[in-house]
Each structure stands twice: as structure tokens, then as C-alpha cells.
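# Structural overview
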Amino acid sequence: MKKRFFAIVMSVFMVLGIAGCSAQNTGNGGNGQQGVQENKKITFVLDWTPNTNHTGVYVAKELGYFQEAGFEVDIVQPPEGGALPLVAAGKAEFCVTFQEELAAALTSDSPLDMVAVGTILQHNTSGIISLKEDNITSPKGMENKVYATWDSPVEKAIIKQVIEKDGGNYDAIKMIPNTVTDVISALKTDVDAVWVYYGWDGIATEVKGLDTNYFAFKDIDPVLDYYTPVIAASPKYLEENEDTAKNFLAAVAKGYEYTIAHPEEAAEILVKHAPELDLDLITASQKYLAKEYKAEVEQWGFIDQARWDNFYTWMADNQLISKRIEAGQGFTNAYLPK
């Protein structure tokens, strides 16, 4: 999941045009209720190939929650240029993205008017994983170790932040450019440390019986407890289709609530829609994420403004974006079910 994110973040900074992709016109307004009119067509663009971050959306489709709300939802994978330009251009209605990617979109020379309408996970579940034998038990332990880097400014700034917070020397890391596609294979080569989202690659190492150490970025510095991934839409679309957006997100929330309560059944639904996935991995990942979709909050999708703003302030302070983002910009909780 993470590999594509870094490529997309960089591409958003350089967006000069919009990919020409076709999608259904959603029309204006409408309450989206079944029986009032023909089902509305919604295109939902993923950030990557199907995985357990997306399960609630597939559950909503499989169990008829979208149909009950009056929607026909097409779940698609993103084009090469990423999902944000597609949605910003009105060629799709909703997409999966990241708080970091939205920052790039909002502050680029050709900004995209996009807003997060809910978070899929309550906390940043990413961090550094390594084989237990390498004894990297904290960021400082990465000194003189080989780290596979994507050469992304955001990535490197986060690594620098946690290492220096832990009293380590960032310059002592041996960074090698390496787009890791298989964490388990990478850790068995000359790579000592890899950035992972634990709910996917971390769980994969558990399923394969690998002995590892792991530390989460949010545990080192709370400013790095940003929102990833999130669901986003165009403010223009939301304003013109308020009831439709609310009804759609209510169906999505229902899908995630089911996934939280029934992780094994939800795993089977995801694999039904993406049969290339391994059921053992998906089931284990689903059980892990069942505790992460809402974590300590009562409302699925809720975004805390203080945490959101703190990360954007950090990005600006580290010159990762060209200008500061105003407080509260880039997200809204207004369309989530109450």
C-alpha cells in the first residue's frame, strides 16, 4: 500500500493536467433514497489494489447497503496519475487518499480542490519493521543499518524526526533506494529496516512466522499520528449533492461497522471480490484492523481537527509544502452519519 503512496504524493505536486477517464454523471442534488429515483451511480476510486483498508466499502456493496441507500457503486483502482485528479475533475465521486497527499494537492502550483470526508483508520498504523536479530528496537537503532528508502521528502523527514527524537543520528543510516514490493523477501536480503503499515505487511510477517521488531511513528512523536488513509471528495460535488454524499457515507460507515463486528466474515467478502488475495493473510489483517477502524472514538470516520492541523503545521515547518494550510482546511466531518 505504501509503495504507491509515495509515488502518488510526488506526482500530485507536479499535476499540470487531468487524466482523461470516463465516469457516470451523478447529476445535481437528490436524496439518494431507494424508490425515489433510479439508483445513482457512484464511482469510488481506491488508492491501490484491494486490501483490508477497503473492506468496509466492499462489505457495503456485497451486503446491499449501497443498494438500500439508492446507489450503484463501481469500485475501481486508480489511474497512473492517482485518484485525486480524477475526483477533482468530476470524473469520479469519492476516492481513498492520505492526509499527506491532500497537503500536496492543496498547496501545489496547480492546486486541486479536494477535502477528506472521513478517515478509514483512526490512527497512523505505520512504522519501521526489522528482523529481531538486527536488534532495531527503537529509531536510534537504525544507525549504521540499511534502510530501503523511496527517496520521498515526506518519508525522509518522518524518518529524521523519529530518529532525532530518539537521540539518534539520521546521517548514520545507510539509505538505499529500493521500492520494496515484498517486505518478507526484502528483510531476508541486505535490507535491515523497512517502512510498513502494520495492518498489512506487519501482519504478513506474523502469518509467515518471522520474528521481528517494530516501532510505530505515532508512539515516537504524536505529531506523526496523522490520518492515513482517508476518503476524499470534491467540495463542489459535496455542495451540489449534500444528501447523496451523506447517504453514501452512511452506507460506507455501516459497512465498516459490520467489518468491525465480523472480521472473519468481512475477510471472506473481500477475498470474494479480490480472489487474488490470500485468505489467511486477509483474515489476520482484518482482525487487527477491526480494532483500528474506530479505535477509541464512537463515530467511524471522525477526524480530530487538532491532530489534523498539527501534522500540516509540521509539514510546513519542515518545508514539505510550499505554504501553510489554514486551520481546519482539507477535511470535514459534516457528511458523516451522526
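Here the structure is shown first, and the text comes after it.
The paragraphs below set out a description of the structure included in this document. The structure displayed is predicted, hence computed values, not measured ones. (Residues numbered from 1 in each chain as written. Predicted model: local features only at pLDDT ≥ 70, side-chain atom pairs only at ≥ 80, totals over all residues. Heavy atoms only, no water.)

### Side note on the overall build of the chain
Scanning the chain from terminus to terminus reveals 14 helices and 10 strands. Looking at the chain as a whole, 58% of its 338 residues are labelled buried. A separation of at least 24 residues holds for 81% of the contacts in the chain among residues at least 6 apart in sequence. Looking at the chain as shown, the accessible area adds up to about 14000 Å², and 46% of this sits on carbon and sulfur atoms. (Helix = DSSP H or I, 4+ residues; strand = E, 2+ residues; numbered from the N terminus. Buried < 20%, exposed > 50% of the residue type's maximum accessible area, 1.4 Å probe, protein only. Contact = heavy atoms within 4.5 Å. Areas by Shrake-Rupley, 256 points an atom, 1.4 Å probe, with all protein chains shown as cover.)

### Quick notes on the pairing of strand β8 (residues 193-197)
In terms of burial, β8 is a largely internal element, 5 of the 5 residues being buried. Neither face of β8 is left uncovered, since the one carrying Ala193, Trp195 and Tyr197 and the one carrying Val194 and Val196 both have all their residues buried. Pairing of strand β5 (residues 126-131) with β8 involves 5 bridges; the strand directions are antiparallel. Across the sheet, Ser126 pairs through a bridge with Tyr197, a residue of β8. (Pairing = 2+ DSSP bridges.)

### Digging into the side chain of His123
Considering the arrangement of structural elements, one finds His123 in the loop between β4 (115-119) and β5. Classification of His123 as buried rests on a relative accessible area of 14%. Reaching out from His123, the side chain makes a polar contact with the side chain of Asp225 at a distance of 2.7 Å. Residue contacts for His123: discarding those within four places in its chain leaves Lys218, Asp225, Tyr226, Thr228, Ala295, Glu296 and Arg307. (Polar contact = N/O pair within 3.5 Å; in protein donor to acceptor, adjacent residues only side chain to side chain.)

### Topic: the nonpolar core
Grouped together as the largest cluster of nonpolar side chains are 110 residues, with contacts concentrated most on Phe44, Phe94, Met142, Ile159, Trp195 and Phe248. Of all the elements, helix α11 (residues 242-261) adds the most residues to this core, at 7 residues. Beyond its immediate chain neighbours, meaning those up to four positions away, Met142 contacts Ile128, Ile136, Tyr147, Ile159, Ile163, Ile173, Ala193 and Phe215. (Core = buried A, V, L, I, M, F, W, Y, C linked by side-chain atoms within 4.5 Å.)

### Side note on the sheet that holds strand β3 (residues 94-97)
Strand order in the open sheet formed by 5 strands is β2-β1-β3-β10-β4, with mixed pairing between adjacent strands. The sheet is open, and its two borders are formed by β2 (71-76) and β4, each paired with just one other strand. Going across the sheet, the axis of each strand differs from the next one's by a mean of 30 degrees, ignoring polarity. In this sheet, β3 lies alongside strand β1 (residues 40-45) in parallel orientation, the contact comprising 2 bridges. Counterpart to Phe44 in the pairing with β3 is Phe94. (Axes fitted to C-alpha atoms, helices over the stretch in contact; angles between N-to-C directions.)

### Remarks on the packing of aromatic side chains
With the rule as written, the count across this model stands at 16 aromatic pairs. Between Tyr256 and Trp300 the ring centres are 4.8 Å apart and the planes differ by 10 degrees, which places this aromatic pair in the stacked class. In this pair, Tyr256 sits in helix α11 while Trp300 sits in the loop between α13 (279-289) and α14 (305-317), placing the two residues 44 residues apart along the sequence. Across the pair, Trp300 and Tyr256 agree in class, each one buried. Put simply, the rings of Phe44, Phe66, Phe71, Phe94, Tyr237 and Phe248 pair up and form one aromatic cluster. (Phe/Tyr/Trp six-rings, centres within 6.5 Å; stacked < 30°, edge-to-face > 60°.)

### Notes on unusual backbone geometry
Looking along the chain, the bond that leaves Thr228 and enters Pro229 is cis, with omega of 0 degrees. With respect to the element layout, Pro229 can be found in the loop between α9 (217-220) and β10 (230-233). Despite not being glycine, Asp151 shows a phi value in the positive range, around 60 degrees. Positionally, Asp151 belongs in the loop between β6 (146-149) and α6 (153-165). Note on Asp151: relative accessible area 41%, which makes it partly exposed. In the Ramachandran plot, Gln319 falls in the positive-phi region, its phi being about 55 degrees despite a non-glycine side chain. Relative to the helices and strands, Gln319 resides in the segment after α14. Overall, Gln319 belongs to the exposed group, its relative accessible area being 72%.

Function cannot be read off these values alone, since they describe shape.
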